[in-house]
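# Structural description and commentary
If you want the building blocks of each chain, they are given just below.
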Amino acid sequence: MRFASVVLLACSLLVTPTIATADERNPLPHEIGLALGSGGATGLAHIAMLRVFDDLDIQPDRIVGSSIGTVIGGLYAAGLSANEILDIFDDFAGSELNALTGLARSDIRLLDLIPLRLGRNALMDSGEFLRLLAAHTDARDFGDLGIPFAVVATDLHTGESVVIDEGNLFQAIEASMAVPGLFEPVRGDDGRYLIDGGASNPLPYNLLQNGHDYVIAVDVSGTGAHNDTASLGITDILFKSFSIMQSSIIRHMIRLDPPDLYLAPDTGTIRLLHFNRIDEIMANAEPAAEELRAALTALRDTN
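## Brief notes about the overall build of the protein
Along the backbone of the protein there are 10 helices and eight strands. Relative to its 303 residues, the protein shows a buried fraction of 50%. Once local pairs closer than 6 in sequence are excluded, the contacts in the protein between residues at least 24 apart make up 74%.

Next up, the structure:
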């Protein structure tokens, strides 16, 4: 009987899969901080960068995000893989939305998720979009996250950058992505009204500089991207102006204190709401993703 029990135990050890925890992922000799920047639909390029981390089985020690970087970084910190995040955006990537007129140029799935709210303090309502994101994770608070994470928003009255790393996760994400004029400002727990983090710190790698050995910053602000001015609408001009401002802030930051690795995926002619061009965005991001892969591989090989 005792022999049979030993045999059964040995067999169970052979067939029971070993599941690697976050702490058992490929260790590196450096603590890695990852900053995911602001940029609207161009921020889908962040997913290509996170896919590299997944491929190499490496996990950032901390993630900070601004605007779209907050959305994607928050989902990743909550435990979703890069491919799972890609699937979420791919689900409603069939439509390009003109934020001023509400016209969807293919189907209306994105319009359903982010309905118009003309006549109020913003053009659109982000509530349904945030509920869609929340449906893909049980995380509701920063304390629920598997990777330390911080969100950058901007105080509407003072213009100061506001860093949020505790409390309600999706309220913080909503504040960080509140593009002025597009989404309504979010009132924080302290009573301050918060708008898009890109207005004050579009690439918040500075939050990682003193606490991490190797800092990676992914800039999706679209610096130097060319747009055909003949096809630009009022909202295109408004948000392109916002992008120019963000790029100026980032250039100043890079001159003063650059990160260890600065990545700027090619954004081509992608505009703020071109989520329908997700395949093109991912393809354009591949050269930057390969640069990241080489850097992380080199770090791993020094261990």
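## Thoughts on a negative patch on the surface
Together, Glu84, Asp87, Asp90, Asp91 and Asp279 make up a region of like negative charge exposed at the surface. Among the elements that make up the negative patch, the one with the highest residue count is helix H4 (residues 82–91) (four residues).

## Considering the packing of helix H3 (residues 68–77) against H4
Their axes nearest at 9 Å, the elements H3 and H4 cross at an angle of 130 degrees. With respect to H4, the element H3 is oriented oblique. H3 and H4 meet at a crossing whose hand is right-handed. Side by side, H3 and H4 meet where Ile68, Val71, Ile72, Leu75 and Tyr76 of the first sit next to Ala82, Ile85, Ile88 and Phe89 of the second. A class-by-class count of the residues in the contact of H3 with H4 yields nine nonpolar, no polar and no charged.

## Observations concerning the pairing of strand E1 (residues 32–36)
Of all five residues that make up E1, five are buried, and the element is covered over most of its length. Residue alternation in E1 divides its side chains into two sets, Ile32, Leu34 and Leu36 and Gly33 and Ala35, and both sets are buried. Here five bridges tie E1 to strand E7 (residues 214–218), and the two strands are oriented parallel to one another. Its bridge partner lying in E7, Ala35 is registered against Ala217. Two strands pair when backbone bridges link them, and E1 and strand E2 (residues 62–66) are joined in this way by four bridges, in the parallel orientation.

## Examining the confidence of the model for the protein
Low-pLDDT stretches of the model should not have their predicted coordinates read in fine detail. Per-residue pLDDT for the protein averages 80, and the proportion of residues at 70 or more is 74%. Within the protein, E2 carries the highest mean pLDDT (98), whereas helix H1 (residues 2–15) carries the lowest (37). Taken as a whole, residues 1–23 scores under 50 in pLDDT and shows two contacts with residues more than four places along the chain or in a different chain. The model gives residues 95–119 a pLDDT under 50, and that stretch makes 63 contacts with residues more than four places away or in other chains.

## Describing the packing of aromatic side chains
Counted under the stated rule, the structure contains two aromatic pairs. Here Phe142 and Phe149 contribute two aromatic rings whose centre-to-centre distance is 6.1 Å and whose plane-to-plane angle is 20 degrees, an arrangement assigned as stacked.

## Focus on the nonpolar core
As a rule of thumb, nonpolar side chains are buried together in soluble globular proteins. In terms of nonpolar packing, the biggest core is built from 75 residues, with Phe89, Ile216 and Leu296 touching the most fellow members. By residue number, the principal contributor to this core is helix H2 (residues 45–56), which donates eight residues. Those residues in contact with Phe89 that sit more than four places away from it in its chain are Leu44, Ile47, Ile68, Val71, Ile72, Phe129, Phe275 and Ile278. Counting 10 residues, the second largest nonpolar core, distinct from the first, contains Val64, Ala150, Ile250 and Met253.

## Looking at the pairing of strand E6 (residues 193–196)
Bridge analysis of strand E3 (residues 149–155) against E6 gives three bridges, and the strand direction is antiparallel. For Asp155, the partnering residue across the bridge sits in E6 and is Leu194. Summarising the sheet, strand E5 (residues 186–187) and E6 pair through two bridges and their orientation is antiparallel. Each residue of the ladder has a partner; that of Val186, found in E6, is Leu194.

## Let's talk about the pattern of salt bridges
For the coordinates displayed, the defined rule picks out five salt bridges. The partner of Glu280 in a salt bridge is Arg277, with the nearest N and O atoms 2.9 Å apart. Judged by relative accessible area, Glu280 falls into the partly exposed class, the value being 33%. If you follow the salt bridges from partner to partner, you end up with Asp55, Glu290 and Arg293 in one network.

## A short note on the side chain of Gln246
If you trace the backbone, Gln246 turns up in helix H8 (residues 234–256). You can call Gln246 buried: its relative accessible area is 3%. A distance of 2.5 Å separates the side chain of Gln246 from the side chain of Ser38, its partner in a polar contact. With residues near it in sequence (within four places) discarded, Gln246 still touches Ser38, Gly198 and Pro202.

## A few points about the environment of Ile278
In this fold, Ile278 is placed in helix H9 (residues 278–284). Between the C-alpha atoms of Ile278 and Thr42, which are 236 residues apart in sequence, the distance is 8.7 Å.

## Observations regarding the packing of helix H6 (residues 127–134) against helix H7 (residues 169–176)
Two numbers describe how H6 lies on H7: the axes approach to 11 Å, and their chain directions differ by 135 degrees. Viewed along their axes, H6 and H7 adopt a mutual orientation that is oblique. The two elements H6 and H7 cross, and the hand of that crossing is right-handed. Across from Leu130, Leu133 and Ala134 in H6, the residues of H7 making contact are Phe170, Ile173 and Glu174.

The rules behind the values
- Going along each chain's sequence as written, the residues are numbered from 1 onward.
- Thresholds applied to this predicted model are a pLDDT of at least 70 for local features of residues and 80 or more for the giving and counting of side-chain atom pairs; totals over whole chains, interfaces and linings are not thresholded and use all residues.
- Only hydrogens and water are set aside; all other atoms, that is, all heavy atoms of the structure, feed into the side-chain values.
- Helix and strand definitions here come from DSSP, where helices need a minimum of 4 consecutive H or I residues and strands a minimum of 2 consecutive E residues; each element is numbered from the N-terminal end.
- Each residue gets one of three labels from its accessible area relative to the maximum for its type: buried under 20%, exposed over 50%, partly exposed in between, using a 1.4 Å probe on protein chains only.
- Any two residues having at least one pair of non-hydrogen atoms within 4.5 Å are treated as being in contact.
- Patches here: salt-bridge-free residues with over 30% relative accessible area, like charges joined within 9 Å, nonpolar side chains (Val, Leu, Ile, Met, Phe, Trp, Tyr) joined within 5 Å.
- Only the protein chains shown count as cover for residues, with accessible areas throughout obtained via the Shrake-Rupley method and a probe of 1.4 Å.
- By definition, a salt bridge exists where a carboxyl oxygen of Asp or Glu is found within 4 Å of a side-chain nitrogen of Lys or Arg.
- A residue counts as positive if it is Lys or Arg and as negative if it is Asp or Glu; His and the chain ends are not included.
- For the purpose of locating charges, the reference atoms are NZ of Lys, CZ of Arg, CG of Asp and CD of Glu.
- Each axis is a line fitted through C-alpha atoms, taken for helices only over the stretch in contact, and angles between the N-to-C directions span 0 to 180 degrees.
- Should an angle fall under 35 degrees it is called roughly parallel, over 145 degrees roughly antiparallel, and 65 to 115 degrees roughly perpendicular, with every other angle called oblique.
- Should the near helix be turned counterclockwise from the far one by less than a right angle, the crossing is left-handed, whereas a clockwise turn marks it as right-handed.
- Polar here means any residue outside two lists: the nonpolar Ala, Val, Leu, Ile, Met, Phe, Trp, Tyr, Cys and Pro, and the charged Asp, Glu, Lys and Arg; Gly therefore counts as polar.
- Only strands that DSSP links by at least two bridges are regarded as paired with each other.
- Known as pLDDT, the predictor's confidence for each residue is given on a scale from 0 to 100.
- Under the pairing criterion, centres of Phe, Tyr and Trp rings, with the six-membered ring standing for Trp, must be within 6.5 Å; the plane angle then separates stacked pairs below 30 degrees from edge-to-face pairs above 60, leaving the rest tilted.
- Put simply, buried Ala, Val, Leu, Ile, Met, Phe, Trp, Tyr and Cys residues joined by side-chain atoms within 4.5 Å make one nonpolar core.
- For this analysis, a polar contact is any N or O atom pair within 3.5 Å, provided that within protein one partner can donate a hydrogen and the other can accept it, and provided that sequence-adjacent residues contribute only side-chain to side-chain pairs.

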